[in-house]
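Each chain is listed here by its residues.
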Amino acid sequence: MEEKEIQIHPFVDKRIEDYCQTFHSKQETILNELERTTHLKFLRPNMISSSWQGELLKILTQLVNPKRVLEIGTFSGYSTMCFCLSSQSDCIIDTIEAVEDYKSFLENLFLENNFAQKVNLHFGQAIDVIPRLNNSYDMIFIDADKANYPNYYSLVADKINKGGLLVADNILWYGKVAISDAKDKETLAIRKFNQMITEDNRFENVILPIRDGLMIARRV
Ligand SMILES: C[S@@+](CC[C@H](N)C(=O)[O-])C[C@H]1O[C@@H](n2cnc3c(N)ncnc32)[C@H](O)[C@@H]1O
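Right, let's walk through the structure included here.

Reading the values: rules and limits
Residues numbered from 1 in each chain as written. Predicted model: local features only at pLDDT ≥ 70, side-chain atom pairs only at ≥ 80, totals over all residues. Helix = DSSP H or I, 4+ residues; strand = E, 2+ residues; numbered from the N terminus. Expected span 1.5 Å × (residues − 1). Buried ≥ 20, exposed ≤ 12 C-beta atoms within 10 Å, placed from the backbone. Arc of directions from axis to C-beta. Contact = placed C-beta atoms within 7 Å. Core = buried A, V, L, I, M, F, W, Y, C linked by C-beta atoms within 7 Å. Pairing = 2+ DSSP bridges. Right-handed = clockwise from strand over helix to strand, strands pointing away. Axes fitted to C-alpha atoms, helices over the stretch in contact; angles between N-to-C directions. Left-handed = near helix turned anticlockwise from the far one by under 90°. Nonpolar A, V, L, I, M, F, W, Y, C, P; charged D, E, K, R; others polar.

Thoughts on helix α3 (residues 50-64)
Link 1 in the chain: The first and last C-alpha atoms of α3 sit 21 Å apart over 15 residues, in line with the 21 Å expected at 1.5 Å per residue.
Link 2 in the chain: The set of residues buried in α3 consists of S51, Q53, G54, L57, K58 and T61. Buried residues in α3, looked at end-on, bunch into an arc of 160°, giving them a common side.
Link 3 in the chain: Those residues of α3 hidden inside the fold are in contact with α2 (29-41), α4 (78-86) and β4 (137-142).
Link 4 in the chain: Positive backbone phi, approximately 50°, marks N65, located one or two places after α3.

Take a look at the structure:
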């Protein structure tokens, strides 16, 4: 590996990525519309999970069949919608977002799609909000500020039910985790997170190099 390179991204040949993005199930019209609206109305629209990762989140949700989901990092509600669409009607999704300006957009989104009963929107710093949620979860999705990933892990690991799933996005951080020269605070935090989870014998875990890398961990 070229240690001087700043990043290794995409991790697989672009032609393979394009092929993978083509051959997954067709996503629901509402998700297509939400992707389009996100690109029109939101700053940094590339933060959205989008269809390749979204289809995986939906399949994982169907397999786990959660009663309760915790999401850290709502943004435009795309991954929240994936949880809504693929879970039973009595599943509750707690989702945490720091930017209160998204509130009316998100409230409308869930109301218009008849998911208002399923989704609890929590605004604030996740580090403050998580300790106030006195629930256990069958599925947790970490997708917010990378420098806090070790803190999020410490706060949520005990909240996952046995057999439940922890999924974390961006855990390859454009490949920088694997380049020893990279020492920015996000890279250091994500390396620590990946190590914490791998050394924790309460979890079985694996990394998938989809988009910016997903950690999938099952509480045993
Ligand atoms: C990558 S986006 C989430 C994308 C969304 N999960 C999806 O799949 O489309 C990250 C979100 O986390 C939010 N965020 C960043 N730091 C946060 C914090 N400390 N607490 C709560 N939310 C935070 C950002 O405002 C942003 O909306």
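Quick word on the nonpolar core
Link 1 in the chain: Formed by 47 residues in total, the largest nonpolar core has its most connected members in I140, I142, Y149, L166, A168 and F193.
Link 2 in the chain: The contact partners of I142, leaving out residues within four places of it in the chain, are I72, Y149, Y152 and A168.

Some points on the pairing of strand β2 (residues 92-97)
Link 1 in the chain: Of all the 6 residues making up β2, 5 are buried; the element is thus mostly covered by neighbouring parts of the structure.
Link 2 in the chain: Bridging between strand β1 (residues 68-72) and β2 involves 5 bridges; their strand directions are parallel. Its bridge partner lying in β2, E71 is registered against T95.
Link 3 in the chain: In the classification by handedness, the crossover that spans β1, the intervening α4 and the parallel β2 is right-handed.
Link 4 in the chain: Looking at chain direction, β2 and strand β3 (residues 119-123) are connected through 5 bridges and run parallel. Bridged to E97 within β3 is F123.

As for the packing of α3 against α4
Link 1 in the chain: Viewed as axis vectors pointing N to C, α3 and α4 meet at an angle of 35°, and their least axial separation amounts to 9 Å. You can see that α3 and α4 cross each other, and the crossing is right-handed. Within the contact between the two elements, α3 uses G54, L57, K58, T61 and Q62 and α4 uses Y78, S79, C82, F83, L85 and S86.
Link 2 in the chain: Residue composition of the contact of α3 with α4, grouped by class: 5 nonpolar, 5 polar and 1 charged.

Re the sheet that holds strand β6 (residues 203-208)
Link 1 in the chain: Here we have 7 strands laid out as an open sheet, ordered β3-β2-β1-β4-β5-β7-β6, and mixed in their pairing. Two strands in the sheet have a free side with no partner beyond their single neighbour: β3 and β6. Along the sheet, successive strands turn relative to each other by an average axial angle of 15°, direction set aside.
Link 2 in the chain: Pairing analysis gives 4 bridges linking β1 to β4, with the strands arranged parallel. For E71, the partnering residue across the bridge sits in β4 and is F141.
Link 3 in the chain: Packed onto the sheet, α3 meets β4 and β5 (160-169) and runs at close to 175° relative to β5.

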